[in-house]
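Spelled out, the chains give:
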Amino acid sequence: MPDQERIYRGQDALVTFAGTSVVVGILQDWSLTPEFSREDLRGAGSPKRQDDQTTEVEVAIDAEFAEWNEDGYKALINYDEATEAIADTSDVPHFDVELDIPSKDGSNTVTPTVQEVRFDSPELSGGPDSWVTLNLSGVGADVTGFSVV
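Computed from a predicted model, the values in this text were never measured in an experiment.

Enquirer: Could you clarify how one ought to interpret the confidence of the model for the protein in this entry?
Expert: Detail in the predicted coordinates should be disregarded across regions flagged by low pLDDT. On average, residues of the protein score 82 in pLDDT, and 87% of them reach the 70 mark or higher. Looking across the protein, the model is least confident in strand β1 (residues 14-17), with a mean pLDDT of 70, and most confident in strand β5 (residues 85-86), with 96.

Enquirer: Got a minute to help me understand empty space enclosed by the protein in this structure?
Expert: It is a probe the size of a water molecule, rolled over the atoms, that shows where empty space is left. The full count for this structure, using the stated rule, is 1 cavity of 30 Å³ or more. The wall of the largest cavity is formed by Val15, Leu27, Ile61, Ala63, Phe65, Val97, Phe119 and Leu136. Top element by residues in the lining of the largest cavity is strand β3 (residues 49-68). It accounts for 3 residues. Across the lining of the largest cavity, the residue classes break down as 8 nonpolar, no polar and no charged.

Enquirer: Which parts of the structure should I look at to understand the pattern of salt bridges?
Expert: Two side chains with opposite charge may pair up if their charged atoms get near one another. All told, the structure shown has 6 salt bridges when counted by the stated rule. The partner of Lys74 in a salt bridge is Glu70, and the shortest N-O contact between them spans 3.1 Å. Taken together, the residues Lys74 and Glu70, both in helix α1 (residues 70-76) and 4 residues apart, mark about one turn of the helix. Accessibility expressed as a relative area gives 19% for Lys74, which makes it buried. Judged by relative accessible area, Glu70 falls into the partly exposed class, the value being 49%. With a shortest N-O distance of 2.8 Å, Lys74 and Glu81 are connected by a salt bridge. On the accessibility criterion, Glu81 (44% relative accessible area) is partly exposed. One connected set of salt bridges, linked through shared partners, spans Asp40, Arg42, Arg49 and Asp52.

Enquirer: Explain the pairing of strand β10 (residues 133-140) here, please?
Expert: On a regular strand, one side chain projects to one face of the sheet and the next to the other, so that they alternate. With 6 of 8 residues buried, β10 is to be regarded as a mostly interior element. Relative to β10, β3 runs antiparallel, the two being bridged by 7 bridges. Bridge assignment links Ala60 to a residue of β10, and that residue is Val139. Here strand β8 (residues 113-119) pairs with β10 via 2 bridges, running antiparallel. When the sheet's bridge partners are listed, Arg118 is paired in β10 with Val139. The pairing of strand β9 (residues 123-125) with β10 spans 3 bridges and is antiparallel. Along β10, the bridge assignment pairs Ser125 with Thr133.

Enquirer: How should I be thinking about the packing of aromatic side chains in this particular structure?
Expert: Centre distance and the angle of the planes are the two values used to describe a pair of aromatic rings. A complete count under the given rule lists 2 aromatic pairs for this structure. Relative to Phe119, the ring of Phe95 lies with its centre 6.3 Å away and its plane at 40 degrees, an arrangement referred to as tilted. With Phe95 in strand β6 (residues 95-102) and Phe119 in strand β8, the pair connects residues that are 24 residues apart, well separated along the chain. Under the relative-accessibility criterion, Phe95 is labelled buried at 11%. We classify Phe119 as buried; its relative accessible area is 9%. The ring of Phe36 has Arg38 lying over it, and the distance from NZ or CZ to the ring centre is 4.4 Å.

Reading the values: rules and limits
Residues numbered from 1 in each chain as written. Predicted model: local features only at pLDDT ≥ 70, side-chain atom pairs only at ≥ 80, totals over all residues. Heavy atoms only, no water. pLDDT = per-residue confidence, 0-100. Helix = DSSP H or I, 4+ residues; strand = E, 2+ residues; numbered from the N terminus. 1 Å grid on protein atoms, 1.4 Å probe; cavity = no way out; pocket = protein on both sides within 12 Å on 5 of 7 lines; lining within 4 Å. Points joined across faces, edges and corners; volume = space filled by probe spheres on them. Nonpolar A, V, L, I, M, F, W, Y, C, P; charged D, E, K, R; others polar. Salt bridge = Lys/Arg side-chain N within 4 Å of Asp/Glu carboxyl O. Buried < 20%, exposed > 50% of the residue type's maximum accessible area, 1.4 Å probe, protein only. Pairing = 2+ DSSP bridges. Phe/Tyr/Trp six-rings, centres within 6.5 Å; stacked < 30°, edge-to-face > 60°. Lys NZ or Arg CZ within 6 Å of the ring centre and 35° of its normal.

Structure follows, in structure tokens:
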């Protein structure tokens, strides 16, 4: 039987913008995927691979929120409260996104943080007889925080 302290329940995960009190929401479905570009290195005189090297890394984060916070959505779309519209700027908002994920038995938590995340198209969607959900796809520079608390 797996150790109950090391099994994590995604539906209990809470997402915040790290270093702030802005709660994005409670995760419904999500994925966090470090993506690597790897190149083969070949030497003179042999067509066989001599070595390989990581040339790019980014962290993809996709999430669906069944419960979400209006302030979190406004931050995602760079909403300007003064003009009641999306800010008229070419600056791209970046976020450190912290996932607070408790273990199944509640005895510990991991808090991976995806750093410098850019969300290109935060989507609100819904339909007849359904909840309005927030759907995000973004790319970050790194991920930290997998130590058990």
